[in-house]
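Fold and geometry: a report
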Amino acid sequence: MLIAADRNGTTISAVLPAATGDAIKAALDPVIEQDALLVTDGGKALASCATKMKVTHEVLNQSAGERVRGDLHFQTVNSRHERLNDFLRNHRGVATKYLENSLNWFHLAVLPKNPTARACLNAAMAIGSPT
């Protein structure tokens, strides 16, 4: 599963068929502009994805204690991961075949403070639709 967020907190998620650069690229291509800066924890698949997308990539070495470098951080994404894990834990986990629906529910019920009617409609239409 992939979670990505921008500086404004806009978040996307995807259930990936595999944790590869190609799979990540397929999920991020529609939402990342060519002039984007991708900040990651240095996973090989993320580096491969950035290379394939031809976007600038900065790595923060979290295992060496580097959580922030200047304006660069990935705390927004870490926060989303933690909230998603809490959400799934509260529902006693989710079967893989329902993971996409649970992500839609998470985006609708947990992330926004005041979901718009459009957001509710989009989430409702996505639930159960073939991927």
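Calculation criteria
- Here the residue numbering is sequential within each chain, running from 1 through the sequence in written order.
- Given that the model is predicted, a residue must reach a pLDDT of at least 70 before its local features are reported, and side-chain atom pairs must reach 80 or more before they are shown or counted; all residues, however, enter totals for whole chains, interfaces and linings.
- With hydrogens and water excluded, all non-hydrogen atoms of the structure serve as input to the side-chain values.
- Numbered from the N terminus, helices here are DSSP runs of H or I no shorter than four residues, and strands are runs of E no shorter than two.
- Buried means the residue's accessible area, taken with a 1.4 Å probe over protein chains only, is under 20% of the maximum for its type, while exposed means over 50%, and partly exposed covers the values in between.
- Two residues qualify as a contact provided that any one of their heavy atoms is within 4.5 Å of a heavy atom in the partner residue.
- Only the protein chains shown count as cover for residues, and the accessible areas themselves come from Shrake-Rupley with a 1.4 Å probe.
- A cavity here means a set of 1 Å grid points, computed over protein atoms only, where a 1.4 Å probe fits but cannot escape. A pocket is an open set with protein on both sides within 12 Å along at least 5 of 7 lines, and lining residues have an atom within 4 Å of a point.
- Grid points are joined across faces, edges and corners, and a volume is the space filled by probe spheres set on the points.
- Note on residue categories: nonpolar means Ala, Val, Leu, Ile, Met, Phe, Trp, Tyr, Cys or Pro, charged means Asp, Glu, Lys or Arg, and polar means any other residue, Gly included.
- When we speak of the arc, we mean the arc of directions from the helix axis to the C-beta atoms.
- Each reported salt bridge corresponds to a side-chain nitrogen of Lys or Arg within 4 Å of a carboxyl oxygen of Asp or Glu.
- pLDDT is a residue-level measure of predictor confidence that goes from 0 to 100.
- Each aromatic pair joins two rings of Phe, Tyr and Trp (for Trp, the six-membered one) with centres within 6.5 Å, and gets the label stacked for planes under 30 degrees apart, edge-to-face for over 60, and tilted for any other angle.
- Buried Ala, Val, Leu, Ile, Met, Phe, Trp, Tyr and Cys residues that are joined via side-chain atoms within 4.5 Å together make up what is termed a nonpolar core.

**Digging into the overall build of the chain**
- Check the secondary structure of the chain and you find 5 helices and 6 strands.
- Each helix and strand of the chain, ordered N terminal to C terminal, gives the series β-β-α-β-α-β-β-β-α-α-α.
- Counting across all 131 residues of the chain, residues that qualify as buried make up 27%.
- A separation threshold of at least 6 residues defines the contact pool for the chain, and within that pool the share at least 24 residues apart is 38%.
- For the chain, the computed accessible surface area is about 8,600 Å², with 52% contributed by carbon and sulfur atoms.

**Some remarks on the side chain of threonine 11**
- Checked against the element boundaries, threonine 11 lands in strand 2 (residues 11–14).
- Judged by its relative accessible area of 13%, threonine 11 falls in the buried class.
- Not counting residues up to four positions away in its chain, the partners in contact with threonine 11 are Ile3, Ala4, Ala5, Arg80, His107 and Leu111.

**Thoughts on the layout of surface pockets**
- By volume, the largest pocket amounts to about 1,000 Å³.
- Along the wall of the largest pocket there are 33 residues; nearest its centre are Ala4, Ala5, Leu38, Val39 and Val77.
- Contributing elements (two or more residues each) for the lining of the largest pocket: strand 1 (2–5), strand 2, helix 1 (21–28), strand 3 (37–40), strand 6 (72–73) and helix 3 (75–90).
- Taken together, the residues of the lining of the largest pocket break down into 20 nonpolar, 9 polar and 4 charged.

**Some words on helix 1**
- For helix 1, the complete set of buried residues consists of Gly21, Ala23, Ile24, Ala27 and Leu28. Buried residues of helix 1, viewed axially, fall in a sector of 165 degrees; they line one side.
- Close packing links the buried residues of helix 1 with strand 1, strand 2 and helix 2 (44–53).

**Focus: the pattern of salt bridges**
- Scanning all chains against the criterion turns up 5 salt bridges.
- Of the charged contacts in the structure, one is a salt bridge between lysine 25 and aspartate 29, with a shortest N-O distance of 2.5 Å.
- Within this structure, Glu58, Glu66 and Arg69 form a network of salt bridges that share partners.

**Some remarks on the confidence of the model for the chain**
- Averaged over the chain, the pLDDT score is 83; the fraction of residues at 70 or greater is 89%.
- Confidence, read as mean pLDDT per element, is least for helix 5 (residues 117–126) in the chain (70) and greatest for helix 1 (94).

**Brief notes about the packing of aromatic side chains**
- The final tally for this structure, using the stated rule, is 2 aromatic pairs.
- Between the aromatic rings of phenylalanine 87 and tryptophan 105, the centroid separation amounts to 5.2 Å while the plane-to-plane angle is 85 degrees, which identifies the pairing as edge-to-face. With phenylalanine 87 in helix 3 and tryptophan 105 in helix 4 (residues 99–109), this pair connects stretches of sequence that are 18 residues apart.
- You can call tryptophan 105 partly exposed: its relative accessible area is 41%.
- Taking the centre distance of 5.7 Å and the plane angle of 55 degrees together, the rings of phenylalanine 87 and phenylalanine 106 count as tilted.

**Overview of the nonpolar core**
- Ranked by size, the top nonpolar core spans 13 residues in total, and within it Leu2, Leu16, Ile24 and Leu28 carry the most contacts.
- For this core, the secondary-structure elements that each account for two or more residues are helix 1 and helix 2.
- Counting residues in hydrophobic clusters, the runner-up holds 7 residues, among them Ile3, Leu88, Phe106 and Leu111.

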